[in-house]
Amino acid sequence: MAEILEKELHRLERMERSVKGFLNLNPIQRGGILTPEAKKAVEEWADGYSICDFCDGVLESIKKPPIDEFVHKTLPKFIESDEVRLTHGAREAKFMVMHAVCKPDSTIVVDSNAHYSTHVAAERNKLHIVEVENNSYPEYRVDVGRYADKIEEVKEKTGKLPSLALITFPDGNYGNLPDVKRVASICSEYDVPLLVNAAYAIGRMPVSLRDIGADFVVGSGHKSMASSGPIGILGVMGDLSDSVFRKSREYRNKEVEMLGCGPRGLPLITLMASFPTVYKRVQRWGVEVENARFFIEKMEGIDGIRQLGIKPTEHDLNFLETNVFYEISKKHKKGRFFLYRELKKRNIIGVKPGLTRNFKLSTYGFNKDELKKIIDAFKEIAMLK
Ligand SMILES: *Cc1c(COP(=O)(O)O)cnc(C)c1O
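Residues numbered from 1 in each chain as written. Predicted model: local features only at pLDDT ≥ 70, side-chain atom pairs only at ≥ 80, totals over all residues. Heavy atoms only, no water.

Chemist: Residue-level account of the pattern of salt bridges, with values.
Modeler: Per the stated rule, a full pass over the model turns up 19 salt bridges. Glu133 is the partner of Arg146 in a salt bridge, and the nearest nitrogen-oxygen pair spans 3.1 Å. Of the two residues, Arg146 is situated in helix H7 (residues 146-158) and Glu133 in the loop between strand S4 (128-132) and H7; the sequence distance between them amounts to 13 residues. Classification of Glu133 as partly exposed rests on a relative accessible area of 31%. For Arg246, the salt bridge goes to Glu257, with nearest N and O atoms at 3.1 Å. One end of the pair, Arg246, is in the loop between helix H11 (241-244) and helix H12 (266-282); the other, Glu257, is in the loop between H11 and H12, with 11 residues separating them in the sequence. (Salt bridge = Lys/Arg side-chain N within 4 Å of Asp/Glu carboxyl O. Helix = DSSP H or I, 4+ residues; strand = E, 2+ residues; numbered from the N terminus. Buried < 20%, exposed > 50% of the residue type's maximum accessible area, 1.4 Å probe, protein only.)

Here it is in structure tokens:
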């Protein structure tokens, strides 16, 4: 064994994270902040396989802690689906559905605002992708009516219907919320199964798979459900559950697509411990949208700042075009890193170091005072011009 240096070990002993006291605008982190209840559960459940004491072979059947009830009753009611499984993330849920439902070399139809993980999951499944365009700058609105054309196109070119359609609700760049019900009705007309990627929706805003009328919905626990993660949620409707949940030939109680068992330990425990809070916060989604709109209105009051994507915004995740900061960066001695530093000086983080021209941010969970503080900081920094 090669020698490991003392200083290497020392660095591992002190895994520090200096974000305390900062207002964090990073969209991927706002909805994953643990609740006090989840934090408390961390200590008790952090050991490896801690959850497996009362397992007789099927994680989702564990009665204590109440995983059985959570997975088979609570979550299906929450997202109004027939069945729920927990996965290691939204991407794993997408991969799993594609793997169960799509034959290799078949084609799927995907919106052009799809997350990269949709493309990678498709690639790993050896699938071809046909994209439904958006109307590009400045709105990037996906023209959902075009799902019909694309399905026809695939049918014409390959002689077969697409094996799956996917829509991102909302997308992770602009926070655009496409008309998923319309996509669902188009897809069901053609009998093409539809997956709704709700990584930025489930746990933030009300989502009902039944109401949407799609076959699958996926969410992300560490993105939007106040879980440490990595954990994802997959909701499934009706007949298609047979293929997604099929059991191993050899190990009769183990599901093949799950590789026998889903996420255990802290990802699941923190998801469960946070859930009562998450359930309640989803009912206050209207306030989050109001706050986001308030924030955007004030930000657009600054010369050289503009929100891209659909307006008025319908989500806490928003994309800003910020020419004013780009102009400043050209002359500032810190160059393009000035914005990151100026924000940090004001106890604000979450805008990627080096970005000035445009960036995304989220206002999720901030109160009005915090929002005002953030707006004032951006106003002050814009005066450097
Ligand atoms: C964050 C995100 C994902 C990935 O979620 P994981 O749970 O980390 O796999 C997928 N899709 C969208 C739209 C996202 O924003």
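Chemist: Which residues make up the packing of aromatic side chains, and what values do they have?
Modeler: Here the distance between the centres and the angle between the planes together describe a pair of aromatic rings. Summed over the entire model, instances satisfying the criterion amount to 10 aromatic pairs. Both rings, one in Tyr174 and one in Phe319, keep their centres 5.1 Å apart while their planes meet at 55 degrees; by these two values the pair is tilted. Here the residue Tyr174 occupies a position in the loop between strand S5 (164-168) and helix H8 (180-190), and Phe319 occupies one in strand S10 (residues 317-321), the gap between them amounting to 145 residues. Classification of Phe319 by relative accessible area gives buried; the value is 12%. Here the aromatic rings of Phe325 and Phe338 are separated by 6.4 Å at their centres, their planes lie at 55 degrees, and the arrangement is tilted. Of the two residues, Phe325 is situated in helix H14 (residues 323-331) and Phe338 in helix H15 (residues 338-345); the sequence distance between them amounts to 13 residues. Each of the two residues, Phe325 as well as Phe338, counts as buried. Members of the aromatic cluster, joined through ring pairs, are Phe70, Phe78, Phe275 and Tyr279. (Phe/Tyr/Trp six-rings, centres within 6.5 Å; stacked < 30°, edge-to-face > 60°.)

Everything listed here is a matter of geometry and, on its own, says nothing about what the molecule does.
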